[in-house]
Amino acid sequence: MAGNSTDLIQGTLDMLILKTLALESMHGYGIGVRIEQMSKGVFHVNAGSLFVAFQRLQRAGLIKSEWKATENSRRAKYYALTEQGRKRLNSETREWGRQVAAIARILEAS
Amino acid sequence: MFLLRRIASGLRALFRKEQTDRELDEELRAYLEMAIEEKMKYGKSRQDATRAVRLERGNAEVAKEAIHAARWESVVETCWQDLRFALRTLRKSPGFTAVAVLTLALGIGANTAVFTVVNGVLLRPMPFPEADRLFLVSLAPRGGPFEWQPGISDRDYLAFRDQNQAFENVASFTKGTTANLTGAGDPLQIPVAYVTTQFFAALRTNPEIGRGFLAGEDEPGRGSVVLLGNEIWKERFGSDSAILGKTIRLDGVDRAVIGIMPPGFAFPAAKVWMPLAIRVDGHNSFTRPVVGRLKSGVSPQQARAELETFAGHLPLGPGENERMAQVIPLKDLFVANIRPSLVVFTGAVSLVLLIACANVASLFLVRAAGRGQEIAVRSALGAGRWRLVRQLLTESTALSFTGGGAGLLLAFWGVPALLALAPAGKIPRPEMIRIDGWVLAFTFGISTITGILFGLAPAFQVLRRDVRDSLSQVGHRVTGGHERLRGALAISEIALALILLTGAGLMLKSFLLLRSANPGFVAQNVMTLTVDLQDSTYRTAAQMQAFHTRALAGLSSLPGAVVAGAVDWLPLGNALTMGDFQVEGRLRPPAFIVDKPCVSPGYFRAMGIRLLRGREFTERDNETARGVVMVSHSVARTLWPGEDPVGKRISMEDHPKPEDWLTVVGAVDDLKQQALAKSPDPAIYQPYLQVSHPFFLSHMTFVVRTTTHPETVASGMRAILKDVDKDQPISITSMDSLIATTIAEPQFQARLLACFALIALTLTIVGVYGVLSYSVAQRTQEIGVRMALGAQNVDVLRMLLRKALVVISAGIVIGGAGSLAFARVLAKFLFEVKPSDPATFAAVALVLASSALAASYIPARRATGVDPLVALHYE
């Protein structure tokens, strides 16, 4: 069920969610839309992967959730970054940068 | 932290499943609604928008599935489903389930019961602070009669105590003595301990109320104080602390109560404690256990080295053996004797459990074969192999846990039965033997292992199975593998049962030989009465002799008594007075020391000890007559081979003066002084009227030979002794029951092993029967064809029994090798039976083979009744 490529995408999705929440707390749909917007439509996230990621992140204590009313006065679950989540985002961003640079170097060398 | 949070939220989700699901539903709905509204903003109809969102974002149900699958608790849920399914399937075949559960309950129950005892006796620590620093210090003489009993003689103890460096405290104490408590309700004989003053400091246990013994309170003549155990304080003195300072009467001596011990303290199996006055006189010295608490930083090895040096410097008396320096964990005082038995029992019950496992595995294989189609269908419908294996293992563990539960119930009932079967006082600390957390954990553990063990066999079959084969209705062709596996299981069952049966057979034979062993006297129709004359009343040898003379006169004229006699330490008791002596005109063979009983006239006749030469003692052999002795046959043979011992002279003194020489007047048969299983001891008897040392006179056992059943004279004997001294406590037992106590332990071992062996035999017969009837069922068609082609009943029978014989003989050959190994372990328990005793081996193999063959005959017989027509229509 879990191949290496999925792992990579999973990890990436988590990071993107954390990044999105770093700006402000947001509900599930908002997060999905924001990721699409920020990636200019490169990433398209379906509900399944998105909510599995929420569940995973929440259980790991990186995000927390709360029921609130939306601007359209609809009840929705809002997610927010915890202190731990903020730390994780920083470290993952750094790690990501390192990896990207390394991969770039390898690709250029060949 | 992460893990904890995950577990917590997982558990929340599990227990508030509905709420979690509702929240998820609502969240997903809101999500999709927002997406739909977004689309509708661009002018789509609601229907179009909904479809578009579904395409883009995915179906809500699929999303929910994915979310569920990502939760760890969903594994628990599927396991729960598996379990419910397993229980449903098991309920559908109640016969199979009942047999399997019963088999497992027997196996697990027997193991739980034995483990409960092992746990209470061997594994629990002694109830003292830092009990692992407490050791028995022993300097028992090597090769002596009490070599196995750790202890130090009083004389050595005093020397050791003064120069010991390794131990913080050392204390000598008595074990197994009793005293008569009078003046507090009915007279009561209670276990007491005499201890030196450092005893409680060494154990780091102080009286709960009052004080312990003071230094010097163990000096001879000073110790009229006593410490009460909490239990006797509660029972007899109503837990009243006003008892402090008052006196209680023990063995006729008033003792001031100075303290009460805390509840649960009973070491060494005593109810009251008194100071031990150590008296050392020239020749005689008691040997008692000594406890020491190691100084911190000193290892037992260092302590032993120190003790060894000390032992090396001790002068060896004449006839004394070199001393073995030993530093043994304190618990060994109680468990050293019982540990080997428990180890054997543990081995025996694990064999029973293995047989049970083999049996159930075999049953499981039959079922798995019958369910070949079901499994094939499930696997064709997409159930993964691991999922199927998990399902089978869930079934087997569900079974083993049910069996374990039933086994636990069996153990609840079996442990008291086990303890009741054990000889009294043989199992130490019975109050510690109970079903506790450790026992429950043990049962849980073996149930799990058992379940996996017998579930694995069918599971592997599933893994190997080819789906297409099973689906295409030729299921029975792939059962060839089953046949082999089941054959192997039956062989191992027979082998294991043979091991147990051989062990039980050897023990039983040994016990029967022991019971019929000749002790050198005639035990039937002999009543014994034992007194311990107290120092307080009987101060001199003359006073003691006067008591004995009056008692003997009364007992001799008792109606129903043939003859009465007396001896200081009764044969087959636990005492032996060994000593050296001088022989006139020649040197005593080195290391030839003898038992020196002090007896009355009539003793030999009362005990039925054969007089071989000369005469017995008479009343005229008193303090004014010339000194006489009688010798046992082996003494006569060793000292004067080929000569008449009568008229020869010996002396008990190291440097005899002319009047110290004692003339041999008679020779008697050898007898077993120590135990039935030991060889007879050479003995030199002295008449009690010529013995002047109170040591040989204070403890005396009167023996009365009766015309009829010995119990009939008990009340008469009691009355006579009351007439001699009404305050003297006595104990009365028949010689027969005394002997029964001495062989109670081998009897217990033989009985218990026989019990386990019977369980094993039954399980094995059931197992063999199962294997063969299954094989007959599988071959119905083949048998039908053979019979249609003209095979006779006899041919079919022969063919099937041949198969059974192959299994049985393979099991017996393999089991025979295992039995030899097991018998070697048993060797130290065996009396006059060689571990490789051919008669036992042959008998046991025959019993096993014939019962297994009988079990196979039933299904084989059934096969001959097969109607060829029916069999051919079978498919």
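Residues numbered from 1 in each chain as written. Chains lettered and ligands numbered in written order. Predicted model: local features only at pLDDT ≥ 70, side-chain atom pairs only at ≥ 80, totals over all residues.

A few words now on the overall build of chain B. Regarding its fold elements, chain B presents 27 helices and 26 strands. The C-alpha radius of gyration of chain B comes to 38 Å, more than 25% above the 29 Å expected for a compact globule of 875 residues. Its C-alpha atoms put chain B at 135 × 80 × 55 Å along the principal axes. Taking all 875 residues of chain B together, the buried fraction comes to 40%. Looking at chain B alone, contacts between residues at least 24 apart form 82% of all its contacts between residues at least 6 apart. (Helix = DSSP H or I, 4+ residues; strand = E, 2+ residues; numbered from the N terminus. Rg over C-alpha atoms; globule rule 2.2 N^0.38 Å. Buried ≥ 20, exposed ≤ 12 C-beta atoms within 10 Å, placed from the backbone. Contact = placed C-beta atoms within 7 Å.)

With that settled, consider the interface of chain A and chain B. If you look at the interface, chain A gives 16 residues, while chain B gives 19 residues. Elements represented by at least two residues in the side of chain A that touches chain B include exactly helix H2 (28–38), helix H3 (47–59) and strand E3 (75–81) of chain A. Considering every element that reaches the side of chain A that touches chain B, the biggest residue donor is H3 of chain A, with 7 residues. When its residues are assigned to classes, the side of chain A that touches chain B shows 6 nonpolar, 5 polar and 5 charged. (Nonpolar A, V, L, I, M, F, W, Y, C, P; charged D, E, K, R; others polar.)

Turning next to the packing of helix H5 (residues 73–92) of chain B against helix H14 (residues 385–421) of chain B. Residue and element names in this part refer to chain B. Where H5 contacts H14, the two axes come as close as 9 Å, and the packing angle between them is 65 degrees. Where H5 crosses over H14, the two elements pack in a sense that is right-handed. For the pair H5 and H14, contact is made by Asp82, Leu83, Phe85, Ala86, Leu87, Thr89 and Leu90 and by Arg390, Gln391, Thr394, Glu395, Ala398 and Leu399, respectively. Among the residues forming the contact of H5 with H14, the class breakdown is 7 nonpolar, 3 polar and 3 charged. (Axes fitted to C-alpha atoms, helices over the stretch in contact; angles between N-to-C directions. Left-handed = near helix turned anticlockwise from the far one by under 90°.)

Turning to the sheet that holds strand E1 (residues 134–141) of chain B, a few remarks are in order. Residues and elements named next belong to chain B. With antiparallel pairing, the 4 strands of this open sheet are ordered in space as E3-E12-E1-E13. In the strand order of this sheet, the two ends are held by strand E3 (167–172) and strand E13 (323–329), each with one partner. Ignoring strand direction, the axes of neighbouring strands in this sheet form an average angle of 25 degrees. Its contacts with the sheet place helix H10 (residues 300–313) against E1, E3, strand E12 (290–294) and E13, and it is angled at close to 160 degrees to E13. (Pairing = 2+ DSSP bridges.)

Turning our eyes to something else, we now look at the pairing of strand E10 (residues 272–275) of chain B. Side-chain direction in a regular strand flips from residue to residue, so the side chains alternate between the two faces of the sheet. Residue and element names in this part refer to chain B. The two faces of E10 match: Val272 and Met274 on one face and Trp273 and Pro275 on the other face are all buried. In the sheet, strand E5 (residues 188–195) pairs with E10 via 4 bridges, with the strands oriented parallel. Bridge pairing in E10 places alanine 193 opposite tryptophan 273.

Residue and element names in this part refer to chain B. Looking at chain B, pLDDT values average 84 and 94% of them are 70 or higher. Across residues 473–479 the pLDDT falls below 50, and counting only partners more than four positions away or on other chains, this stretch makes 9 contacts in the model. Listed scores for the predicted complex are pTM 0.72 and ipTM 0.82. (pLDDT = per-residue confidence, 0-100.)

On to the sheet that holds strand E2 (residues 63–69) of chain A, then. Sheets are built from strands paired through backbone hydrogen bonds, the pairs being either parallel or antiparallel. All names here are of chain A. Overall, antiparallel pairing links the 3 strands, which are arranged E1-E3-E2 in an open sheet. Taken across any chain shown, the strands that pair with only one partner, and hence form the sheet edges, are strand E1 (26–27) and E2. Bridging between E1 and E3 involves 2 bridges; their strand directions are antiparallel. In the strand pairing of E3, histidine 27 is matched with tyrosine 78.

Before going further, it helps to spend a moment on H2 of chain A. Two residues of an α-helix separated by three or four positions point the same way, owing to the 3.6 residues in each turn. All names here are of chain A. Taken together, the buried positions of H2 are Gly28, Tyr29, Ile31 and Gly32. Taken down its axis, H2 places every buried residue within 165 degrees of arc, on the same side. Positive phi shows up at lysine 40, right after H2, with a value of about 55 degrees. (Arc of directions from axis to C-beta.)

This part takes up the domain arrangement of chain B. All names here are of chain B. Partitioning chain B into structural domains gives domain 1 (2–71), domain 2 (73–125 + 337–473), domain 3 (131–335), domain 4 (498–518 + 736–875) and domain 5 (534–727). Between domain 4 and domain 5, the C-alpha centre-to-centre distance is 53 Å. With 7 residues of domain 4 in contact, the opposing surface of domain 5 contributes 4 residues. Here the side of domain 4 that touches domain 5 takes 3 residues from helix H22 (residues 735–742), the largest share from any one element. When its residues are assigned to classes, the side of domain 4 that touches domain 5 shows 6 nonpolar, 1 polar and no charged. (Domains from an automatic or database assignment.)

Bringing unusual backbone geometry into the picture now. Residue and element names in this part refer to chain B. The linkage connecting phenylalanine 267 with the following residue, proline 268, adopts the cis geometry, with an omega of -10 degrees. In this structure, glutamate 130 takes a positive phi of about 45 degrees despite not being glycine. Structurally, glutamate 130 is set in the loop between helix H6 (94–123) and E1.

It is worth spelling out the nonpolar core at this point. Residues and elements named next belong to chain B. Core analysis: the largest hydrophobic core is formed by 102 residues, its most contacted members being Val352, Leu500, Phe756 and Ala760. Per-element tally for this core: the top contributor is helix H12 (residues 339–370), with 19 residues. When residues of this core are assigned to domains, at least three map to each of domain 2 (73–125 + 337–473) and domain 4 (498–518 + 736–875). Of all hydrophobic cores here, the second largest spans 61 residues; its members include Leu533, Met544, Ile609 and Phe702. (Core = buried A, V, L, I, M, F, W, Y, C linked by C-beta atoms within 7 Å.)

We now examine the packing of helix H25 (residues 793–826) of chain B against helix H26 (residues 838–864) of chain B. Residue and element names in this part refer to chain B. Their axes nearest at 9 Å, the elements H25 and H26 cross at an angle of 150 degrees. Between H25 and H26, the crossing angle belongs to the class labelled roughly antiparallel. Helix-helix and strand crossings are classified by hand; for H25 and H26 the assignment is right-handed. Where H25 abuts H26, its residues Asn793, Val796, Leu797, Leu800, Leu801, Ala804, Ile808, Ile812, Gly816 and Ser819 lie against Phe841, Ala845, Leu848, Ala849, Ala852, Leu853, Ser856, Ala860, Ala863 and Thr864. Tallied by class, the residues present in the contact of H25 with H26 amount to 15 nonpolar, 5 polar and no charged. (Parallel < 35°, antiparallel > 145°, perpendicular 65-115°, else oblique.)

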